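Report on the structure
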Amino acid sequence: MLGRKVISVEIKSDGTVEVMTNGFAGRSCILEYERLASRLKALGIDLETRQLVLLTDFYYGEERANVSTGTGSKT
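Keep in mind the model is a prediction, meaning the values are calculated, not measured. (Residues numbered from 1 in each chain as written. Predicted model: local features only at pLDDT ≥ 70, side-chain atom pairs only at ≥ 80, totals over all residues. Heavy atoms only, no water.)

1. What to know about the overall build of the protein
- Across its full length, the protein carries one helix and eight strands.
- Counted from the first residue to the last, the protein has its helices and strands arranged as β-β-β-α-β-β-β-β-β.
- The buried share of the protein, taken over its 75 residues, is 27%.
- Restricting to contacts in the protein with at least 6 residues of sequence separation, those with at least 24 account for 52%.
- Accessible surface for the protein amounts to roughly 5100 Å². Of this, 53% is attributable to carbon and sulfur atoms. (Helix = DSSP H or I, 4+ residues; strand = E, 2+ residues; numbered from the N terminus. Buried < 20%, exposed > 50% of the residue type's maximum accessible area, 1.4 Å probe, protein only. Contact = heavy atoms within 4.5 Å. Areas by Shrake-Rupley, 256 points an atom, 1.4 Å probe, with all protein chains shown as cover.)

This is the structure:
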């Protein structure tokens, strides 16, 4: 997936949300996740980050982060 940036979002049956990024360099995957969370908050959906997992690719230029969040709640 070289050169292509992808953010995948999975909403699980228990209400937790998993976000995975692929194709971002450096810490940009974390910044993009924060940007996504900010946009959702503007729509009234709050995400609570419970876990951030940086996969091996993160340290080799192409980064992937797996972010597990709590239940998205409408405010």
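2. Focus: a nonpolar patch on the surface
- Judged by side-chain polarity, I7, V9 and I11 come together as a nonpolar surface patch covering roughly 290 Å² of accessible area.
- In this fold, I11 is placed in strand β1 (residues 6-11).
- Given the relative accessible area of 66%, I11 is considered exposed. (Patch = residues over 30% accessible without salt bridge, like charges linked within 9 Å, V, L, I, M, F, W, Y side chains within 5 Å. Salt bridge = Lys/Arg side-chain N within 4 Å of Asp/Glu carboxyl O.)

3. Some details on the pairing of strand β2 (residues 17-22)
- The pairing of β1 with β2 spans six bridges and is classified as antiparallel. Each bridged residue has a counterpart across the sheet, and for I7 the counterpart in β2 is T21.
- The turn joining β1 and β2, which pair antiparallel and follow one another in sequence, is formed by five residues; a positive phi near 90° is taken by G15. (Pairing = 2+ DSSP bridges.)

4. So, the pattern of salt bridges
- Scanning all chains against the criterion turns up four salt bridges.
- With a closest N to O distance of 3.5 Å, R35 and E32 form a salt bridge. Highlighted residues: R35 and E32, both in helix α1 (residues 28-42), separated by three residues, approximately one helical turn.
- Residue classification places R35 among the partly exposed positions, given a relative accessible area of 44%.
- Across the pair E48 and R50 runs a salt bridge, and its minimum N-O distance is 3.8 Å.
- Given the relative accessible area of 49%, E48 is considered partly exposed.

Purely spatial values, then, with no claim about function.
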